[in-house]
Amino acid sequence: MKKADIARLGKEDVIKAIGKEWMLVTAGTPDKFNTMTASWGGVGYLWNKAVAFVFIRPERYTHEFVENNERLTLAFLGNENREILNFCGTKSGRDCNKAKETGLSPVATETGNVTFSQARLTLEGRKLYRGKFNAEDFLDKTLFERWYNDQPGGTLHTVYVVEIENIYVND
Ligand SMILES: Cc1cc2nc3c(=O)[nH]c(=O)nc-3n(C[C@H](O)[C@H](O)[C@H](O)COP(=O)(O)O)c2cc1C
């Protein structure tokens, strides 16, 4: 794993990478971390900074870790690790050790966060902003109905904006 410049992101089809390849959102330390699959998020420019944003439902165990840590990582494992992503997107770290169950091998970043040796690309970010979606702010109400009202226990996502501080690649 080596560090890369922010320009490396120019080589990515970010919408495809997040939406189709999926990513692991991980927060915590090598001793105590949790990770989950996410396919909603983005990369952009805000407050004159390169940022990423993710959307995490409060009931996810990962939410606790993101809340309690200053930084998080977004790891892209490539399409060859679909089984790992399926597992981490359907099981909770409250009930199992995801790394042990899947063979994910944690790697500490230089700031003490966690990514995985399987990751082809990792973004490491520092939390800048946390917000909550509100039912009354949905301009397209069908989205609220589709993604929240219809899902038992489906609470509205917490939005996190993180400053992209480091990029790591395995290539
Ligand atoms: C393809 C895929 C994408 C997902 N995207 C998100 C997401 O963007 N936000 C979210 O809160 N949950 C998302 N999930 C659900 C979590 O990954 C899932 O609930 C996971 O089991 C949570 O694990 P945890 O309790 O250990 O945090 C996704 C699941 C899958 C399979």
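Look up: the structure comes first, before these words.
This report concerns the structure included in the present document. (Residues numbered from 1 in each chain as written. Predicted model: local features only at pLDDT ≥ 70, side-chain atom pairs only at ≥ 80, totals over all residues. Heavy atoms only, no water.)

Here's the deal with the environment of Tyr148
Mapped onto the elements of the fold, Tyr148 is located in helix H5 (residues 141–149). With 101 residues separating them along the chain, Tyr148 and Trp47 place their C-alpha atoms 30 Å apart. A polar side-chain atom of Tyr148 sits 2.6 Å from a polar atom in the side chain of His157. (Helix = DSSP H or I, 4+ residues; strand = E, 2+ residues; numbered from the N terminus. Polar contact = N/O pair within 3.5 Å; in protein donor to acceptor, adjacent residues only side chain to side chain.)

Focus: unusual backbone geometry
Notably, Trp22 is not glycine yet its phi reads approximately 75 degrees, a positive angle. A relative accessible area of 23% means that Trp22 is categorised as partly exposed. Positive phi, close to 60 degrees, is recorded for Asn48, a residue that is not glycine. Looking at the secondary structure, you find Asn48 in the loop between strand E4 (41–46) and strand E5 (49–56). You can call Asn48 exposed: its relative accessible area is 67%. (Buried < 20%, exposed > 50% of the residue type's maximum accessible area, 1.4 Å probe, protein only.)

Describing the site of the ligand
Around the ligand sit 21 residues in total, of which Thr37, Phe55, Thr62, Ser92 and Gly93 are the nearest. Contact between the ligand and Ser39: a nitrogen atom at 3.1 Å from a main-chain N or O atom of the residue. Relative to its free-state accessible area of 650 Å², the ligand is covered by the protein chains to the extent of 86%. Breaking the shell around the ligand down by element, the ones donating at least two residues are strand E3 (32–38), E5 and helix H2 (61–68). Within the shell around the ligand, the residues separate by chemical class into eight nonpolar, nine polar and four charged. (Near = heavy atom within 4 Å. Areas by Shrake-Rupley, 256 points an atom, 1.4 Å probe, with all protein chains shown as cover. Nonpolar A, V, L, I, M, F, W, Y, C, P; charged D, E, K, R; others polar.)

Topic: the state of the cysteines
For the structure on display, the rule yields zero disulfides. Between Cys88, a free cysteine, and Cys96, which holds the nearest cysteine sulfur, the sulfur-to-sulfur gap is 7.8 Å. For Cys88, a relative accessible area of 2% puts it in the buried group. (Disulfide = S-S within 2.5 Å.)

Some points on the packing of aromatic side chains
Considering all chains together, one arrives at ten aromatic pairs under this definition. Between Trp47 and Tyr129, the ring centres sit 6.3 Å apart and the planes meet at 50 degrees, which makes this aromatic pair tilted. Pair noted here: Trp47 is in the loop between E4 and E5 and Tyr129 is in strand E9 (residues 121–132), with a separation of 82 residues, a long-range link. Residue classification places Trp47 among the partly exposed positions, given a relative accessible area of 49%. Linked through ring pairs, Phe53, Phe55, Phe133, Phe138, Phe144 and Tyr148 together constitute an aromatic cluster. Sitting over the ring of Trp22, Arg82 keeps its end group 4.3 Å from the ring centre. Residue placement shows Arg146 over the ring face of Trp147; its charged tip is 3.9 Å from the ring centre. (Phe/Tyr/Trp six-rings, centres within 6.5 Å; stacked < 30°, edge-to-face > 60°. Lys NZ or Arg CZ within 6 Å of the ring centre and 35° of its normal.)

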